[in-house]
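Structure assessment
One-letter residues, chain by chain:
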Amino acid sequence: MYCPARFTQSESAPMHALVADHPLGMLVTQRDGLPDADHLPFELLVHEGVLRGHVARGNPVWRRAGQRVLVVFRGPSAYATPDRIEKAENGGRVVPTWTYNVVHVHGTLRAIDDRDWLRALVERQTDHQEAALPDPWSVDDAPPDYTAKLLAAIVGIEITIDRIEGKWKSEPPPRVAKAQLA
């Protein structure tokens, strides 16, 4: 990622917060020598240095275990028109831009085909997303045979993180995420 020094985000807490607040990542792998992207919700476990998620068993991405991969997380973005005062002060030498915050996570993909591991992952992800709702849904709300069938139809993925880089072309997130930084 091209990132001029003035946009480099080097503090880990804001990058972790962006991933927690916008967990839908774009997982980029190689398929037949070409880039391939899957959009998946992830959880970040900072203390373990991993991203975790799951895919449908029919999705071939889990068979790419061992590949070095990239996961891109993007926060809010917006078109930014030049400020009129800045325009006047600079004799019109301003241009519009696009503001955004983005985090790139680089690592190695691993597949996990373990029912207990998958259930714990799905429960954590569900509980995290449902936490703010007035009547949160739980995995335990579904019939056990239905849950077992669905768990058999997915495979876990884990990405061991080698490097995280951030680019901030706007203000950093206003808070540090709490739930997924544990």
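Small disclaimer: the values here were computed from a predicted structure and weren't measured. (Residues numbered from 1 in each chain as written. Predicted model: local features only at pLDDT ≥ 70, side-chain atom pairs only at ≥ 80, totals over all residues. Heavy atoms only, no water.)

Moving on to the pattern of salt bridges. Per the stated rule, a full pass over the model turns up twelve salt bridges. Across the pair Asp116 and Arg115 runs a salt bridge, and its minimum N-O distance is 3.7 Å. Given the relative accessible area of 58%, Asp116 is considered exposed. It is possible to trace a salt-bridge network through shared partners that takes in Glu48, Arg52, Arg110 and Glu158. (Salt bridge = Lys/Arg side-chain N within 4 Å of Asp/Glu carboxyl O. Buried < 20%, exposed > 50% of the residue type's maximum accessible area, 1.4 Å probe, protein only.)

In this section: the packing of aromatic side chains. Applying the stated criterion across every chain, the model contains two aromatic pairs. A ring pair is formed by Phe42 and Phe73, whose centres lie 6.0 Å apart and whose planes are at 80 degrees; its orientation type is edge-to-face. Within this pair, whereas Phe42 is found in the loop between β3 (34-41) and β4 (43-45), its partner Phe73 is found in strand β6 (residues 68-80), the two being separated by 31 residues in sequence. In this arrangement the basic side chain of Lys169 is found over the ring face of Phe7, its NZ or CZ atom lying 5.2 Å from the centre. (Phe/Tyr/Trp six-rings, centres within 6.5 Å; stacked < 30°, edge-to-face > 60°. Helix = DSSP H or I, 4+ residues; strand = E, 2+ residues; numbered from the N terminus. Lys NZ or Arg CZ within 6 Å of the ring centre and 35° of its normal.)

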